[in-house]
Structures are given as C-alpha cells and as structure tokens.
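# Summary of structural features
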Amino acid sequence: MEWRSRRKVLWVWLGLLLSAAIGIGGCLSHSDRGESTKRFIAKNLTNPNGTLATYLQKAKSVNPELAAGREALSESLGLWMQAALASDDQAAFEKSYETLNRYFVTDQDYIAWKLSPEGGRKLALTRLATTCGLLELCWKGPGSGKTIPCGGRGL
C-alpha cells in the first residue's frame, strides 16, 4: 500500500513541475518587449510601398473624410515613428521618415492626411494636429536640432 502513495506523490510533483515549466515558458514567450506587435504590423498592415494600411482587408472608400481598407494615414505613420523612438530603433525611424517624405509630404510642404494603398494622394487634405505631431517627431528623431528636409526643402 505504501508504494501506491509514493507513486501518487511522485506523479503530483511531476505534474506540478510540468505545469510550472509550461507557465514560465509561456510568460517568457510573451515578454518579447513588443516585438510580436511589430512583426504583426510589418507582416499584415504594411502596404507593398511601405506605407501602413488602416485595415487588414481591402475596401472601397465611400467618404473622403474616412479611411477605408488598405488606405494609409499619416497619423498611423506618426504612431509608428513614436514607437521607433520609444524603442530606440533608429533604422525603423529613418525608414518611416523616408516614407513620410516620399509619399505624404506634398510639393507645397504640406503633409497629406490620407493616401491610396499605392501611395497616391486623392485629396489635398491635411490635418493640422497630425502635421504638428509629425513635425515634432522629426525634430526629436535622430539628427535632431537640424532643419527637417521634408519635400527637399527645410521646414
């Protein structure tokens, strides 16, 4: 009878150790400091031209005041740039900065609010809060203290 109780205790201990190992492994796999979020955005929400899509699925825009489908917003790019600064990811910040200048900055040095998934501007619409936020990010970013060469000219 004694060997059965020892065997039971052994199985209980093995079960507890296995549960602890799985629990610790699960916690460690989820503590990647936001890397899984970055991977998800890079894989699922990045248009072929490098702009960030608003939604996962394609959809037609029915209202120019609202974003739809894979359209890109300068606000999203601004948040992406903030995340790059917060994580000291200079390469990601510089790539976003190039995307900002290439697609969002107009010939008149305005920052477009919304782009088509291909990077085309359908509207000459800009949002002042977004523009100010992006300019502040550019000023804080790598190489701060210099003029911001948006659209080939300093702002």
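Just so it is clear, the model here is predicted, and its values are computed rather than measured. (Residues numbered from 1 in each chain as written. Predicted model: local features only at pLDDT ≥ 70, side-chain atom pairs only at ≥ 80, totals over all residues. Heavy atoms only, no water.)

Under the criterion given, the structure shown has two salt bridges. The salt bridge partner of lysine 38 is aspartate 89, with a shortest N-O separation of 4.0 Å. Taken together, the residues lysine 38 in helix α2 (residues 35–44) and aspartate 89 in the loop between α3 (74–86) and α4 (90–104) connect sequence positions 51 residues apart. Overall, the relative accessible area of 22% leaves lysine 38 in the partly exposed class. For glutamate 71, the salt bridge goes to lysine 114, with nearest N and O atoms at 3.6 Å. Taken together, the positions of glutamate 71 in the loop between α2 and β1 (72–73) and lysine 114 in strand β2 (residues 114–115) put the pair 43 residues apart, joining distant regions of the chain. Under the relative-accessibility criterion, glutamate 71 is labelled buried at 5%. (Salt bridge = Lys/Arg side-chain N within 4 Å of Asp/Glu carboxyl O. Helix = DSSP H or I, 4+ residues; strand = E, 2+ residues; numbered from the N terminus. Buried < 20%, exposed > 50% of the residue type's maximum accessible area, 1.4 Å probe, protein only.)

This part covers α3. Note on helix geometry: an α-helix contains 3.6 residues per turn, so any two residues three or four positions apart are oriented the same way. In this model α3 runs 18 Å from its N-terminal to its C-terminal C-alpha over 13 residues, within 8% of the 18 Å that 1.5 Å per residue would give. Those residues of α3 that fall on the buried side of the exposure criterion are Ser74, Leu77, Gly78, Met81 and Ala84. All buried residues of α3 project into a common sector of 120° when viewed along the axis, lining one side. When the buried face of α3 is taken as reference, the exposed residues oriented beyond 90 degrees from it are Leu79 and Ala86. (Expected span 1.5 Å × (residues − 1). Arc of directions from axis to C-beta.)

Glancing now at the packing of aromatic side chains. Tallied over the full model, the rule gives one aromatic pair. For the pair phenylalanine 93 and tyrosine 97, a centre-to-centre distance of 6.5 Å together with 15° between the ring planes defines the contact as stacked. Taken together, the residues span about one helical turn, with phenylalanine 93 and tyrosine 97 both in helix α4 at a distance of four residues. Of the two residues, phenylalanine 93 and tyrosine 97, both sit in the buried class. (Phe/Tyr/Trp six-rings, centres within 6.5 Å; stacked < 30°, edge-to-face > 60°.)

A few words now on the packing of α3 against α4. Axis separation between α3 and α4 bottoms out at 8 Å; the angle between their running directions is 160°. Put simply, α3 runs roughly antiparallel to α4. α3 and α4 meet at a crossing whose hand is left-handed. Taking contact as the criterion, the partners of Ser74, Leu77, Trp80, Met81, Ala84 and Leu85 in α3 are, on α4, Ala92, Phe93, Ser96, Tyr97, Thr99, Leu100 and Phe104. Its residues assigned to classes, the contact of α3 with α4 shows ten nonpolar, three polar and no charged. (Axes fitted to C-alpha atoms, helices over the stretch in contact; angles between N-to-C directions. Parallel < 35°, antiparallel > 145°, perpendicular 65-115°, else oblique. Left-handed = near helix turned anticlockwise from the far one by under 90°. Contact = heavy atoms within 4.5 Å. Nonpolar A, V, L, I, M, F, W, Y, C, P; charged D, E, K, R; others polar.)

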